[in-house]
Amino acid sequence: MNLIKAKDYEDMSRKAANLIMAQVTLKPDSVLGLATGSTPMGTYQQLIGYYRQGDLDFSGVRTVNLDEYRGLSRTDSQSYYYFMQEHLFSQINLAPGASFIPDGTNDDAAAVCADYEETIRALGGVDLQLLGLGNNGHIGFNEPAEVFEKETHCVDLAQSTIEANSRFFASVDEVPTQAYTMGIRTIMKAKKILVIVNGAGKADILKQAFYGPITPKVPASILQLHPDVTVIADEAACGKL
Ligand code: F6R
């Protein structure tokens, strides 16, 4: 694992965007695995800036997102589809049809998950997967469990995740209780993984995930076994290392 220490959120975001820019520059038809949440918003803002300056061209890029809430339509402002349109896709030059997110409106979990695995396979796999780190060590929506769930699956969200994500909703009761998420093997098959972590609130879990035992109780700990992981964490998140 390659740990890059950043000064603060801005610095973390710029460093992450620089690595993504390098990936797309070296391989213009890259498949990027993307995440939602607070952590990557600054990274996406930087990427939009690079695109506007003419330094980055997304016309050959394909994207696959980690996860989507089950039951939210694409027009729902809390859906991850909507988030990605808002924070990245509508502001860069991705080709139409080049972005994939699990279909939260389809109730047939088995079909959604099998289709998503097939989509990723047909794209040739993920070149660079961007990940945030959940407060409980989740990656995508792979919650702490007794075993690692391997493929894309439908998951019951942990109460702590529902509470953490309620900040984006009018009330905690509106947070969906289930999501479709890439599985651990789906994530681990990415050629490169880039994890971004910021804030003192993530200091304990960052330490557990990358310096503690590898266990499904801390899903991100599996990343210790990936051959090409870069973690960019700000000073506050590195506080317990
Ligand atoms: C989002 C995702 C989640 C988040 C994690 C951290 O697509 O897969 O694993 O990366 O919950 O969220 P933030 O960045 O909001 O702290």
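For the structure given in this document, a descriptive report is provided here. (Residues numbered from 1 in each chain as written. Predicted model: local features only at pLDDT ≥ 70, side-chain atom pairs only at ≥ 80, totals over all residues. Heavy atoms only, no water.)

1. Some words on the pattern of salt bridges
The condition that has to hold: The term salt bridge refers to a side-chain nitrogen of Lys or Arg lying within 4 Å of a carboxyl oxygen of Asp or Glu. Accessibility here uses a 1.4 Å probe with only protein chains present; expressed as a share of the type maximum, an area under 20% marks a residue as buried, one over 50% as exposed, and anything in between as partly exposed. Helix and strand definitions follow DSSP, with helices as H or I runs of at least four residues and strands as E runs of at least two, each counted in order from the N terminus.
Under the defined criterion, the tally for this structure stands at eleven salt bridges. Across the salt bridge formed by Asp29 and Lys27, the nearest N and O atoms sit 3.8 Å from each other. The class of Asp29 is partly exposed, set by a relative accessible area of 39%. Between Glu151 and Arg185 there is a salt bridge, with the nearest N and O atoms lying 2.6 Å from each other. Within this pair, whereas Glu151 is found in the loop between β6 (128-131) and β7 (153-156), its partner Arg185 is found in helix α6 (residues 184-188), the two being separated by 34 residues in sequence. Taking relative accessible area as the criterion, Arg185 reaches 39% and is therefore assigned partly exposed.

2. Some words on the site of the ligand
Rules: The cutoff for a nearby residue is simple: one of its non-hydrogen atoms must lie within 4 Å of the molecule or strand. Surface accessibility in these figures is a Shrake-Rupley result with a 1.4 Å probe; residues are shielded only by whichever protein chains are displayed. By the convention adopted, Pro, Cys, Tyr, Trp, Phe, Met, Ile, Leu, Val and Ala count as nonpolar, Lys, Arg, Asp and Glu as charged, and the other residues, Gly among them, as polar.
Looking at the ligand, there are 14 residues lining it, with Thr39, Asp67, His138, Gly140 and Arg167 nearest. Burial of the ligand by the surrounding chains reaches 93%, relative to a free accessible area of 410 Å². The residue inventory of the shell around the ligand, partitioned by class, reads three nonpolar, eight polar and three charged.

3. What about the packing of aromatic side chains?
We apply this condition: Two aromatic rings from Phe, Tyr or Trp, using only the six-membered ring of Trp, form a pair when their centres are within 6.5 Å; if the ring planes differ by under 30 degrees the pair is stacked, by over 60 it is edge-to-face, and anything between is tilted.
In the structure shown here, the tally under the stated rule is four aromatic pairs. Seen from their ring centres, Tyr80 and Phe141 are 6.0 Å apart, and the 20 degrees between their planes marks the pair as stacked. Residue Tyr80 is found in helix α3 (residues 80-87), and its partner Phe141 is found in the loop between β6 and β7; the two are separated by 61 residues along the sequence. Phe141 carries the same exposure label as Tyr80, and that label is buried.

4. Let's talk about the environment of Gln159
By secondary structure assignment, the location of Gln159 is in helix α5 (residues 159-165). On a C-alpha basis, the gap between Gln159 and Thr177 in space is 8.5 Å, while along the polypeptide they are 18 residues apart.

5. Overview of the sheet that holds β7
Using the following cut-off: Pairing between strands is defined by DSSP: at least two bridges between the two strands are required. Angles here are taken between N-to-C directions and fall from 0 to 180 degrees, while the axes themselves are lines fitted to C-alpha atoms, restricted in helices to the stretch in contact.
An order of β4-β8-β7 is seen for the three strands of this open sheet, with the pairing classed as antiparallel. Two strands lie at the open edges of the sheet, namely β4 (67-69) and β7, each paired on one side alone. Mean inter-strand twist for the sheet, computed between neighbouring axes without regard to direction, equals 25 degrees.

6. Observations concerning the nonpolar core
Here is a general trend for soluble globular proteins: nonpolar side chains tend to be buried in one another's company. For clarity, the threshold we go by: Put simply, a nonpolar core is a bunch of buried Ala, Val, Leu, Ile, Met, Phe, Trp, Tyr and Cys residues held in one set by side-chain atoms that sit within 4.5 Å of each other. Any two residues having at least one pair of non-hydrogen atoms within 4.5 Å are treated as being in contact.
Within the largest apolar cluster, 31 residues are counted, with the highest numbers of intra-cluster contacts made by Val195 and Leu223. Of all the secondary structure elements, the ones that give two or more residues to this core are α4 (109-122), α6, β9 (192-197), α7 (203-211) and β10 (229-234). Ignoring anything within four residues of it in the chain, the contact list for Val195 reads Leu131, Phe210, Leu223, Val229, Thr230, Val231 and Ile232. Ranked by size, the runner-up nonpolar core spans 28 residues in total, among them Ala17, Ile20, Ile48 and Val61.

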